[in-house]
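Structural features, examined
If you want the building blocks of each chain, they are given just below.
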Amino acid sequence: MKCARCNKRAEIELKYSGEFLCGNCFIRLFEKRVRRNIRSNRLLKPTDKTAVALSGGKDSTVVLHILNDLHKRAPRSELIAISIDQGMGKFQEKSLNAAKAICKKLGVKQYVYSFGEEFGLTMDEIVERSKRLKNPAPACSYCGVLRRKLLNDKARELGITKIATGHNLDDEIQSSLMNFIRGDLDRIARMGAIAGVIKNEKFIPRIKPLRECPEEEVRVYAGLKRIEFETSRCPYSEDAFRRTIREVIDRIEERHPGSKFQILKSTDRLISILRSETRPGEIGRCRICGDLTSGDLCKACQIKREFGLD
Ligand SMILES: [Zn+2]
Ligand SMILES: [Zn+2]
């Protein structure tokens with residue numbers, strides 16, 4: 001089989017377009033898709049000081065590589081990495097080591113902050129303690145909220161103007177469908193290539209350069225570019241609802257290639273309709289930390305209170 005674009009030997013089949021591509025043409029297509037997302041959604045300005053939220057896994061590692069290439073061509077921009085040590089046993093150690101090695105290799109300055117030092121409890125301890133709660137939430141939701149809070153607070157202290165995350169197409173459409181099924185359209189309105197568009201001095205905009213890239217293609221890209229990352233998985237099981245949605249979407253894609261892109265397209269239309277038709281709800285400030293929240297306390301402060309950390 002020959003590459004559809006250059007006639008070299010094809011290595012990759014894109015089921016959704018029926019194309020066969022060689023490694024080089026695939027790399028070009030992948031990078032073009034990321035750059036188009038950055039450009040058309042205005043994710044970055046030439047003067048941005050960007051922090052990549054770097055876990056050491058494939059997605060955030062690929063983001064760091066691509067943004068580092070762009071940064072070299074934008075002399076007024078700055079790029080750093082922030083890694084969070086959530087305190088999750090051996091897995092944490094391995095992924096932090098991988099993150100450290102990548103930063104060293106690329107010459108990117110890395111900052112590491114830990115749950116243990118900043119909140120007084122590691123994720124391992126939070127999961128242990130949550131077993132004693134009446135209605136414990138899935139580990140992912142504690143971890144996600146606290147991680148976002150720590151990233152945002154530290155990025156602000158460092159004078160960061162954008163936080164780049166590794167969210168790929170699969171992550172994004174899973175969240176979209178989950179919110180849709182839960183009836184949480186307000187949350188869909190807050191999704192998008194730049195999350196949290198509300199202008200606020202306490203909130204650093206989060207950008208998702210890989211939002212239009214299927215997870216499988218991120219993996220293929222990392223392999224072709226010989227980008228090293230940590231492959232082991234988080235010890236805490238994935239949110240059960242997300243797992244179901246992932247399986248359903250994967251099955252639909254298998255039988256109807258191209259569906260994943262269509263779900264993203266529908267999500268984007270929905271986001272723009274929702275944003276134009278609904279007024280943002282009353283937004284107040286968290287009584288403890290001052291972050292924006294619709295309630296009395298923000299999610300992170302609620303969790304801290306639940307575990308007696310405030
Ligand atoms: Zn080719
Ligand atoms: Zn708060």
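Read on for a plain summary of the structure. Along every chain, residues carry numbers that run from 1 in the direction the sequence is written. Lettering for chains starts from A, numbering for ligands starts from 1, and both go in the order in which the items are written. Owing to the predicted nature of the model, reporting of local features is limited to residues with pLDDT of at least 70; listing and counting of side-chain atom pairs is limited to 80 or more, with chain, interface and lining totals taken over all residues. Computation of side-chain values covers all heavy atoms of the structure but excludes hydrogens and water.

**Thoughts on the pattern of salt bridges**
Counted only if it meets this: Between Lys or Arg on one side and Asp or Glu on the other, a salt bridge is scored when a side-chain nitrogen of the former is within 4 Å of a carboxyl oxygen of the latter. The numbering of helices and of strands both runs from the N terminus, where a helix is a DSSP run of H or I of at least 4 residues and a strand a run of E of at least 2. The buried label goes to any residue with under 20% of its type's maximum accessible area, the exposed label to any with over 50%, and the partly exposed label to all in between, with areas taken from a 1.4 Å probe on protein chains only.
Overall, the coordinates contain 27 salt bridges when judged by the stated rule. Of the charged contacts, one joins Glu31 and Lys225 as a salt bridge, the two residues approaching to 3.6 Å between their closest N and O atoms. Note that Glu31 is positioned in helix α1 (residues 23-40) and Lys225 in the loop between α9 (215-224) and α10 (240-255), a separation of 194 residues in sequence. Between Asp153 and Arg156 there is a salt bridge, and its shortest N-O distance comes to 3.4 Å. Here Arg156 and Asp153 lie together in helix α6 (residues 139-157), a separation of 3 residues that amounts to about one turn. Residue class for Asp153 comes out buried when judged on its relative accessible area of 18%. Residues joined by salt bridges that share partners form a network here, namely Lys58, Asp59, Glu215, Glu216, Arg219, Glu238 and Arg246.

**Some details on the environment of Gly258**
The line we're drawing: We call two residues in contact whenever any of their non-hydrogen atoms come within 4.5 Å of each other.
Mapped onto the elements, Gly258 comes out in the loop between α10 and α11 (259-277). Separated by 158 residues in the primary sequence, Gly258 and Lys100 place their C-alpha atoms 36 Å from one another. In this structure Gly258 touches Tyr16 and Glu253, once residues within four positions along its chain are discounted.

**A look at the packing of helix α7 (residues 169-182) against α10**
Inclusion rule: For every element, the axis is a line fit to its C-alpha atoms; helices are fit only across the contacting stretch, and the angle between N-to-C directions ranges from 0 to 180 degrees. Oblique is the label for any angle not covered by the other classes, which are roughly parallel (under 35 degrees), roughly antiparallel (over 145) and roughly perpendicular (65 to 115). For any helix crossing, the convention is left-handed if the near helix is rotated counterclockwise from the far helix by under a right angle, and right-handed if that rotation is clockwise.
Axis separation between α7 and α10 bottoms out at 10 Å; the angle between their running directions is 110°. Taken together, the axes of α7 and α10 are roughly perpendicular relative to one another. In the packing of α7 onto α10, the handedness of the crossing is right-handed. Contacts between α7 and α10 pair Asp170, Asp171, Ile173, Gln174, Ser175, Leu177, Met178, Ile181 and Arg182 from the former with Phe241, Arg242, Ile245, Arg246, Ile249 and Asp250 from the latter.

**A look at helix α2 (residues 58-72)**
This is how it is decided: To estimate how far a helix should reach, multiply one less than its number of residues by 1.5 Å.
With 15 residues, α2 extends 21 Å from end C-alpha to end C-alpha; this agrees with the ideal 21 Å at 1.5 Å per step. The set of residues buried in α2 consists of Lys58, Asp59, Ser60, Thr61, Val62, Val63, Leu64, His65, Ile66, Leu67 and Asn68. Looking at the buried residues of α2, the elements they touch are α1, β3 (49-53), β4 (78-85), α3 (89-106), β6 (162-164) and α9.

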